[in-house]
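Observations on the model geometry
Below, each chain spelled out in residue letters.
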Amino acid sequence: MISLAQAYEIVIAAARPLPAERVPLVECRGRVLAEPVVADMAMPPFDKSMVDGYACRRVDLPGPLELVEVIAAGMSPEKIVGRGQCSKIMTGAPIPEGADCVFIVEHSREVDGRVTWTGEHTADNIVPRASDVREGETLLHPGHAVRPQDVAVLASMGYAEPLVARRPSVAVIPTGDELVEPGEKPGPSQIRNSNAYQLCGQVESAGGLPHYLGVARDTGHALHEKISDAIRKHDVVLLSGGVSMGDYDLVPGVLRENGVEILFDKIAVQPGKPTVFGVSPEAFCFGLPGNPVSTFAVFELLVKPFLLKLQGHDYRPPVVRAALAETFTRKVASREAWVPVTLDAEGRARRVEYHGSAHIAALSFADGLIAFPVGDSTLEEGRVVAVRLLRH
C-alpha cells in the first residue's frame, strides 16, 4: 500500500500528452492551450482617450478654444489640434496630433463653436499606445486552461482558431450486479447507479469527453467484454466497484488479462483505499471504489489532475486557509483521511454531517475537503487548515 502522495506522482508521471487540434474561438473555454499566444499588435494600438471630452493643449486652458472636429470611437482624426483649438472626442477614440490632454465634457461650456474649460484640475486622460500590451509580448503560455477572460485575449490578438490539446476520451463503466439505472425502481438488495453519472460530470469538469458504456455485471466474461472494448476505443477507462478483496472483485484480474500493467492497487487514504491504476499501450485504467464518496474523492485527488495533465495542464486545486469552527476527531489514524466541510459566514470550516463513504448526499452541502494527516486523530478547534474547494 502506498501513500496518496506516491500515487499522485505515479499517475502524473504516467501521463502522455495528447495531440493538439484547432477549435473555433467560441468552443475554446476550458480547453488547454498547446501554443503560446503572442500579441500581433500593441494594445491600445494608438494613444486613446479615457473619457468623453475635449482634446487640447494643456497650455491653452481654460480657453476659449476653437472646436475643429468631432472624433468618435472608430474614426481617425483628420485635424491637427493647434494653438487655441480643441477636438471633441469620445471614449476610446484616437488622440489627435497636437493634443496632450483631454478634459471631461462635464467640465465644459460650448457656445457657438467655442469651448471653455470650467474645471479646476484635469488629468491627461490619455491611455498611451502599448501601455497594456506590447507587440510581440507573450500573453498566454502552452498548458494554460482557457477561462472566459482569456477568450477575450485570444480574440483581441486574432486567434480565431486557437491550438489546444485534444480532449481525452474517457470510458465510464460502473460494475455490480446490484446496480439499476436511475429511471428504475430498485428491487430487494439493489441500488440505483449514481457513480456513472457522477463520474461523467467530473470527467467533463476536467476537460474530458465522457462515454458511459453501461453497467458491467460481476462476471469475468461481462467485465472482459466491456473493458477490452473500452481499452481499444478510449484514452482512459474509469471503472467503479469490483476492486476490493471480495469474491466478486474481479476488476484487477480482468485488467491484467487485457494487457494492463497495474502500477498500484491500494492507497493509504480514506475514503479510497482500494484504488487501482494501470497502463497499457492503448489506454490508462483507473479502478475506483464502489462507494460514491470514495469514487468522488479519488477522482478529485488523482483522476482530475491526471486528465488535465494529459492535456498539458498542471492542475492546482483551489485552496483556502480556514480556522476550524469545531474540533474534528476520528477513531483510526493509520491513513490520510479527507473529510467534507462547509465554510460559514466568518470563513471558518465546519463539519458536514457525514456518515461515511456511502453518504453521497453529504457532498451536496460541502464547500470543500480537509485532510487528516496520518497519525492525527484530532484536529482542534481554531487550527488553521487547508480547505480543498469543490468547484466545477
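Attention in this report is confined to the structure presented alongside it. Small disclaimer: the values here were computed from a predicted structure and weren't measured. Sequence order as written defines the numbering, with residues in each chain counted from 1. Since the coordinates come from a predicted model, pLDDT governs what is reported: local features require at least 70, and pairs of side-chain atoms require 80 or more to be given and counted, while whole-chain, interface and lining totals use all residues. Computation of side-chain values covers all heavy atoms of the structure but excludes hydrogens and water.

**Some words on the overall build of the protein**
To be explicit about the condition: Secondary structure elements follow DSSP: runs of H or I no shorter than four residues count as helices, runs of E no shorter than two count as strands, and numbering proceeds from the N terminus. Just to be clear, the radius of gyration here is over C-alpha atoms, and the globule rule we use is 2.2 Å times residues to the power 0.38. Buried means the residue's accessible area, taken with a 1.4 Å probe over protein chains only, is under 20% of the maximum for its type, while exposed means over 50%, and partly exposed covers the values in between. Any two residues having at least one pair of non-hydrogen atoms within 4.5 Å are treated as being in contact.
Of regular secondary structure, the protein possesses six helices and 28 strands. At 30 Å, the protein has a C-alpha radius of gyration far larger than the 21 Å of a compact globule built from 392 residues. Seen through its C-alpha atoms, the protein measures out along the principal axes to roughly 95 × 50 × 40 Å. The proportion of buried residues among the 392 residues of the protein is 46%. If you take every contact in the protein between residues at least 6 apart in sequence, the share linking residues at least 24 apart comes to 69%.

**Some words on the environment of alanine 160**
In this fold, alanine 160 is placed in the loop between helix 2 (148-156) and strand 12 (163-165). Remark: the alpha-carbon pair of alanine 160 and arginine 22, spanning 138 residues in sequence, is separated by 9.3 Å.

**Description of the layout of surface pockets**
The cut-off we apply is this: Within this scheme a cavity is a closed region of a 1 Å grid, computed over the protein atoms alone, that accommodates a 1.4 Å probe without allowing it to escape, whereas a pocket is open but has protein on both sides within 12 Å along at least five of seven lines; lining residues each have an atom within 4 Å of a point. Grid points are joined across faces, edges and corners, and a volume is the space filled by probe spheres set on the points. Ten residue types, Ala, Val, Leu, Ile, Met, Phe, Trp, Tyr, Cys and Pro, are classed as nonpolar, four, Asp, Glu, Lys and Arg, as charged, and the remainder, Gly among them, as polar.
Looking at the largest pocket, its volume works out to about 710 Å³. Along the walls of the largest pocket sit 23 residues, with Arg29, Gly30, Ala145, Ser205 and Leu308 positioned nearest its centre. Looking at the lining of the largest pocket, the elements that each hand over two or more residues are helix 3 (195-205) and helix 6 (292-310). Across the lining of the largest pocket, the residue classes break down as seven nonpolar, seven polar and nine charged.

**A short note on empty space enclosed by the protein**
Taken as a whole, this structure holds one cavity of 30 Å³ or more when the rule is applied. As a volume, the largest cavity reaches approximately 30 Å³. What lines the largest cavity is Pro271, Val293, Ala297, Trp338, Pro340, Tyr354, Leu363 and Leu369. For the lining of the largest cavity, the secondary structure elements donating two or more residues are helix 6 and strand 24 (336-343). When the residues that make up the lining of the largest cavity are grouped by side-chain class, the tally is eight nonpolar, no polar and no charged.

**Re the packing of aromatic side chains**
Note the threshold: Any two of the Phe, Tyr and Trp rings considered here, Trp counted by its six-membered ring, make a pair once their centres fall within 6.5 Å; the pair's planes then place it as stacked at under 30 degrees, edge-to-face at over 60, or tilted in between. Any Lys NZ or Arg CZ found within 6 Å of a ring centre and within 35 degrees of that ring's normal is scored as a charge over the ring.
Applying the stated criterion across every chain yields a total of eight aromatic pairs. On the basis of an interplanar angle of 70° and a centroid distance of 5.3 Å, the ring pair of phenylalanine 286 and phenylalanine 306 is categorised as edge-to-face. Placement of phenylalanine 286 in strand 21 (residues 284-288) and of phenylalanine 306 in helix 6 is noted, with a sequence separation of 20 residues between them. Assessed through its relative accessible area of 0%, phenylalanine 286 is described here as buried. The structure contains a cluster of three or more aromatic residues connected by ring pairs, namely Phe264, Phe277, Phe284, Phe286 and Phe306. The ring centre of phenylalanine 328 lies 4.3 Å from the NZ or CZ of arginine 351, which sits over that ring.

**Details of unusual backbone geometry**
Residue leucine 61 is joined to proline 62 through a cis peptide bond whose omega torsion reads 10°. Its place among the elements puts proline 62 in the loop between strand 4 (53-56) and strand 5 (65-71). Going from glycine 63 to proline 64, the amide bond is cis rather than trans, its omega being 5°. Looking at the element boundaries, proline 64 is found in the loop between strand 4 and strand 5. Although it is not a glycine, aspartate 112 adopts a positive phi angle of roughly 55°. Looking at where aspartate 112 falls in the secondary structure, it is placed in the loop between strand 8 (108-111) and strand 9 (114-117). Judged by its relative accessible area of 76%, aspartate 112 is exposed. Residue alanine 130 is not a glycine yet carries a positive backbone phi of 65°.

**Let's talk about the sheet that holds strand 7 (residues 101-104)**
Under the convention used in this document: Any two strands with at least two DSSP bridges between them are considered paired. Whenever a helix is involved, its axis is fitted only over the stretch in contact; in every case the axis is a line through C-alpha atoms, and angles between N-to-C directions fall within 0 to 180 degrees.
The six strands are arranged 7-4-6-5-9-8 in an open sheet whose pairing can be described as mixed. With partners counted over all chains shown, the strands left at the sheet margins are strand 7 and strand 8, one partner each. Strand-to-strand twist of the sheet, defined as the mean angle between neighbouring strand axes without regard to direction, takes the value 40°. Direction of pairing for strand 5 relative to strand 6 (residues 85-89): parallel, over a ladder of five bridges. By the bridge assignment, valine 70 is partnered in strand 6 with lysine 88.

**Side note on the sheet that holds strand 21**
Paired through backbone hydrogen bonds, the strands of a sheet run either parallel or antiparallel to each other. Read from one edge to the other, the open sheet built from six strands follows the order 16-13-17-21-20-18, with strand pairing classed as mixed. The outermost strands of the open sheet, each flanked by one partner alone, are strand 16 (209-212) and strand 18 (261-264). Direction aside, the axes of adjacent strands within the sheet are offset by 25° on average. Bridge count between strand 17 (residues 236-240) and strand 21: five bridges; the pairing is parallel. In the sheet register, leucine 238 faces strand 21, and the bridge partner there is phenylalanine 286.

Worth remembering: the numbers are spatial, not functional.
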